[in-house]
2 protein chains.
Amino acid sequence: MTMNRRWILRQRPIGDIRDGDLQLVDAPLPEPGDGEILVRNIYLMVAPTNRVWMSQIDQYMEPVATGEVMRGGTMGVVVESNNPDFKPGDIVEAGMAWEEYSVAKNARRIPVEHDLPLPAFASVLGNSGMTAYFGMLDIARPKPGETVVVSAAAGGVGSIAAQIGRILGCRVVGIAGGETKCRLVKEEFGLDACVDYKAGNALADLRAACPDGIDVDFENVGGDTMDAVLTLINLGARIALCGMISTYNASGDWWSPKMFRNIIMKRARIEGFLVSDYRSRFPEAVAVMAQWIRDGQLKYKTDIVDGIEQAPAALNRLFSGKNIGKQLVRLSPEPAFG
Amino acid sequence: MTMNRRWILRQRPIGDIRDGDLQLVDAPLPEPGDGEILVRNIYLMVAPTNRVWMSQIDQYMEPVATGEVMRGGTMGVVVESNNPDFKPGDIVEAGMAWEEYSVAKNARRIPVEHDLPLPAFASVLGNSGMTAYFGMLDIARPKPGETVVVSAAAGGVGSIAAQIGRILGCRVVGIAGGETKCRLVKEEFGLDACVDYKAGNALADLRAACPDGIDVDFENVGGDTMDAVLTLINLGARIALCGMISTYNASGDWWSPKMFRNIIMKRARIEGFLVSDYRSRFPEAVAVMAQWIRDGQLKYKTDIVDGIEQAPAALNRLFSGKNIGKQLVRLSPEPAFG
């Protein structure tokens, strides 16, 4: 008999996620009711913001309650449908939970195009890529020739945001941890330069990489590297505040920018955004980005671990910087495709 | 023989301005050369940003060098002209220095309208009022019915920004220090509520005054009251970052917002601005604001001390919160006017 497995939030992590904070439990396979679908999840998309949902702070949605199944984006295949809008075999996002099977009344259909592999729709053409696209085009709005800095430039969002900057005609400088990532950022993603923050001279290295200062920052990290960016911004700089992964698992107060005063001094703009506000415009962005991929202008990487038992470790990988590209957890095999 | 008197920056203040940081010196009356004008200054307009100019930090213009005359806005009357564009009696801004007489090649002519007194052109229709106007209309952009918070709401910029919010149809809540200022803010400037931050319960009082949260913040102060605002902002809030007077004379690091994370959580926008970027649009704003004054919709207060020897003390008044309305130093009598 097929069972479902789900991760339950048992207690709120303090700092890094540790054993005992979450528990993997067996549950009966859910049965879809009237108008519902049963989805076998294939990919769990972990993201830094998942860690925020585990904390009891005021945020953009309710924190996950202890005792409840952990929230998170999944992509799966419909295996049973009592809803005329969906049929078995449809690829959908449904459930929003760390579980192998989900039942849902509604789902977002993924308009899979068969020349692109399924992980593309869970990364560059999924929430991560959409975050990069709208953050860059709607919030940061760089102009050709401007200097754009992207932190976490080897990550699922940063690698895409950085390449969009390059496609828009900007000089793009990445920030990433370690030589391997920096090489990838330059050679695979085509950035002009990359600062290895682990080398310990982020401010000096960033200054050297940005001889004309910084016009746009696509910020994923916060912390010291963001202060280095704020130190070097030009008049009228724009900072698209996508995330601050460096502080999400802080056990004390959240980080705040020491160089905040430059927002006045440089008449700069910092703006936070959330990809879900752009959901109605995803089709537009998916069409543009899919074409960039086909044209070879836009590359993407996925970093896939197997099995739902790996979900907390996969999330921790984002915080230790182990992942390269979008971190996914494969929960079950892909269906025959195409 | 008429002499000139000028304030020289002798050493960079640490914390508050103290005796010995500046020195008042006598100088010969300057003589205008070819194409130059000689201006007898009437009002010195002190502003919090003057204190920033005394500090050796990266800012929006060069700090004042030690040994040089202190920089600051003045309004005066042309007494001698070798420039065909100006004639004796013209009211101008020229010189930008803490001095009784200035010589300048160029000047900004003040389009004095004789139904309004000269101090109006040094406050609500001068840089302070322009800062309020463009900060509110171009940066903050509140919509009717929204809740707008203005800090330093009894001050030269804040009192005008707050009333513009009211004129635009917003619910406007001021933050000011002490009962007297709060009464003024409500009764004279017509705000809906005022939080007395000196009462010690700024966050709770602000929450009570903003039952629907905060949509727009016109920020002049920074510090704990700005953190209270950031705690209460709504989704999509806009923060026009005009100034952070609470930190300009800090002897250590500048303040940074503890609740910075809400910029992401609430998808908020913080934007710094500087009034000098809007100089070409001053005539538009002066015309609108002058009409609001004539219609009785817009009130303004000036707080005038007499004599150039009072200039450092006048600037210190801003930091101790002694001033009500725009702080001016009268350097010499107004000419017969009209």
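Note that the coordinates shown come from a computational prediction; the quantities given were computed from them, not determined experimentally.

Secondary structure assignment for chain A yields eleven helices and 15 strands. Relative to its length of 338 residues, chain A is compact, with a C-alpha radius of gyration of 20 Å against a globular reference of 20 Å. Taken along its principal axes, the extent of the C-alpha atoms in chain A is 65 × 45 × 35 Å. Burial statistics for chain A: of 338 residues in total, 53% are counted as buried. Partitioning the contacts of chain A with sequence separation of at least 6, the portion at a separation of at least 24 is 67%.

Residue and element names in this part refer to chain A. The domains assigned to chain A are domain 1 (3-123 + 301-330) and domain 2 (127-276). Between the C-alpha centres of domain 1 and domain 2 there is a distance of 28 Å. At the junction of the two partners, domain 1 supplies 21 residues and domain 2 supplies 16 residues. Of all the secondary structure elements, the ones that give two or more residues to the side of domain 1 that touches domain 2 are helix H1 (49-53), helix H11 (311-320) and strand E15 (326-330). If you tally residues by element for the side of domain 1 that touches domain 2, the top one is H1, at three residues. For the side of domain 1 that touches domain 2, the per-class residue count stands at nine nonpolar, eight polar and four charged.

A few words now on the environment of Ile 233 of chain B. Residue and element names in this part refer to chain B. Relative to the helices and strands, Ile 233 is located in strand E12 (residues 233-241). By the C-beta count within 10 Å, which is 25 here, Ile 233 ends up buried. Spatially, the C-alpha atoms of Ile 233 and Leu 274 are 23 Å apart, while their sequence positions differ by 41 residues. For Ile 233, the residues in contact, after removing those within four places along its chain, are Gly 213, Ile 214, Asn 262, Lys 266 and Ala 268.

Let us now look at the interface of chain B and chain A. It is common to give the size of an interface as the accessible area that goes away when the parts come together. Opposite the 26 residues of chain B that make contact, chain A presents 26 residues. Secondary-structure elements contributing two or more residues to the side of chain B that touches chain A are helix H9 (262-265) and strand E13 (269-272) of chain B. Take the side of chain B that touches chain A: its biggest share by element is four residues, from E13 of chain B. Considering only residue class, the side of chain B that touches chain A consists of 13 nonpolar, four polar and nine charged. Judged from the three bridges that link them, strand E13 (residues 269-272) of chain A and E13 of chain B form a sheet pairing that is antiparallel. Looking across to E13 of chain B, one finds that Arg 269 of chain A is bridged to Glu 271 of chain B.

Turning our eyes to something else, we now look at unusual backbone geometry. Where the residue is not glycine, phi is negative for most of them; where a peptide bond is considered, it is trans in most cases. Non-glycine residue Arg 267 of chain A carries a positive phi angle of around 45°. By secondary structure assignment, the location of Arg 267 of chain A is in the loop between helix H9 (262-265) and E13.

Each copy superposes on the other: chain B lies on chain A with an RMSD of 0.0 Å after a rotation of 180° and an axial shift of 0.0 Å. The two molecules are tied by a two-fold rotation axis, judged by turn and shift. Taking the C-alpha atom as reference, chain B places Ile 270 of chain B closest to the rotation axis, 2.6 Å from it. Looking at chain B, 100% of its interface residues are interface residues in chain A too, so the copies touch through the same face.

Let us look at helix H5 (residues 179-187) of chain B. Residue and element names in this part refer to chain B. Among all positions in H5, only Lys 181, Cys 182, Leu 184 and Val 185 are buried. The arc that holds the buried residues of H5, viewed along the axis, is 160°, so those residues lie on one side. Set apart from the buried face of H5 by more than 90 degrees, the exposed residues are Glu 179, Thr 180 and Glu 187. The secondary structure elements touched by the buried residues of H5 are strand E9 (171-176) and strand E10 (193-196).

All names here are of chain B. The interhelical angle for the contact between helix H3 (residues 127-140) and helix H10 (residues 282-294), taken along N-to-C directions, is 95°, at an axis separation of 10 Å. Judged by the angle between their axes, H3 and H10 are roughly perpendicular. Of the residues in H10, those in contact with Gly 129, Met 130, Tyr 133 and Phe 134 of H3 are Phe 282, Ala 285 and Met 289. When the residues that make up the contact of H3 with H10 are grouped by side-chain class, the tally is six nonpolar, one polar and no charged.

Attention now goes to H10 of chain B. Residue and element names in this part refer to chain B. Taking 1.5 Å of rise per residue, the 13 residues of H10 would be expected to cover 18 Å, and the 18 Å separating its terminal C-alpha atoms lies within 8% of that figure. Turning to H10, its buried residues number three or more, namely Val 286, Met 289 and Ala 290. Take H10 and look down its axis: the buried residues cluster within an arc of 105°, on one side only. Exposed positions of H10 whose direction lies more than 90 degrees from the buried face are Glu 284 and Gln 291. One or two steps after H10, the chain reaches Gly 296, where phi turns positive at roughly 80°.

Here we take up the sheet that holds E12 of chain B. Strand order in this open sheet of twelve strands is E10(A)-E9(A)-E8(A)-E11(A)-E12(A)-E13(A)-E13(B)-E12(B)-E11(B)-E8(B)-E9(B)-E10(B), and the pairing throughout is mixed. Bordering the open sheet on either side are strand E10 (193-196) of chain A together with E10 of chain B, each of which pairs with just one other strand. Averaged over all pairs of adjacent strands, the angle between strand axes in this sheet comes to 15°, irrespective of strand direction. This element, helix H4 (residues 158-167) of chain A, spans strand E8 (147-151), strand E9 (171-176) and strand E11 (214-219) of chain A of the sheet and lies at about 170° to E8 of chain A. Sheet strands touched by helix H5 (residues 179-187) of chain A: E9 and E10 of chain A. Its angle to E10 of chain A, the strand with the most contacts, is close to 165°.

All names here are of chain A. At a minimum axis separation of 8 Å, helix H3 (residues 127-140) and H4 run at an interaxial angle of 40°. Viewed along their axes, H3 and H4 adopt a mutual orientation that is oblique. Note on packing geometry: the crossing formed by H3 with H4 is right-handed. Between H3 and H4, the residues in contact are Ser 128, Gly 129, Ala 132, Tyr 133, Gly 135 and Met 136 and Ile 160, Ala 161, Ile 164 and Gly 165, respectively. Grouping the amino acids of the contact of H3 with H4 by side-chain chemistry returns six nonpolar, four polar and no charged.

Another aspect to go through is the nonpolar core. Val 39 and Ala 153 of chain A together with Val 39 and Ala 153 of chain B are the most contacted members of the largest nonpolar core, which totals 222 residues. Setting aside anything within four residues of it in sequence, one finds Val 39 of chain A in contact with Gly 76, Val 77, Val 78, Val 79, Val 92, Ala 94, Gly 95, Tyr 101, Ser 102, Ala 104 and Ala 107 of chain A.

Here we come to the pairing of E15 of chain A. Residues and elements named next belong to chain A. Most of E15 sits inside the fold, with five of its five residues counted as buried. Residues of E15 alternate between two faces, with Lys 326, Leu 328 and Arg 330 on one and Gln 327 and Val 329 on the opposite face, all of them buried. As defined by bridge partners, strand E3 (residues 37-45) adjoins E15 across three bridges and the pair is classed as antiparallel. Following the sheet pairing, Leu 44 is matched in E15 by Val 329. Note that strand E14 (residues 302-306) and E15 share five bridges and pair parallel. Within E15, the position partnered with Ile 304 by the bridge is Leu 328. Between the parallel pair E14 and E15, the chain is carried across by H11, and the sense of this crossover is right-handed.

About the cut-offs
- Residues numbered from 1 in each chain as written.
- Chains lettered and ligands numbered in written order.
- Predicted model: local features only at pLDDT ≥ 70, side-chain atom pairs only at ≥ 80, totals over all residues.
- Helix = DSSP H or I, 4+ residues; strand = E, 2+ residues; numbered from the N terminus.
- Rg over C-alpha atoms; globule rule 2.2 N^0.38 Å.
- Buried ≥ 20, exposed ≤ 12 C-beta atoms within 10 Å, placed from the backbone.
- Contact = placed C-beta atoms within 7 Å.
- Domains from an automatic or database assignment.
- Nonpolar A, V, L, I, M, F, W, Y, C, P; charged D, E, K, R; others polar.
- Pairing = 2+ DSSP bridges.
- Least-squares fit on C-alpha atoms with pLDDT ≥ 70 in both.
- Arc of directions from axis to C-beta.
- Axes fitted to C-alpha atoms, helices over the stretch in contact; angles between N-to-C directions.
- Parallel < 35°, antiparallel > 145°, perpendicular 65-115°, else oblique.
- Expected span 1.5 Å × (residues − 1).
- Left-handed = near helix turned anticlockwise from the far one by under 90°.
- Core = buried A, V, L, I, M, F, W, Y, C linked by C-beta atoms within 7 Å.
- Right-handed = clockwise from strand over helix to strand, strands pointing away.

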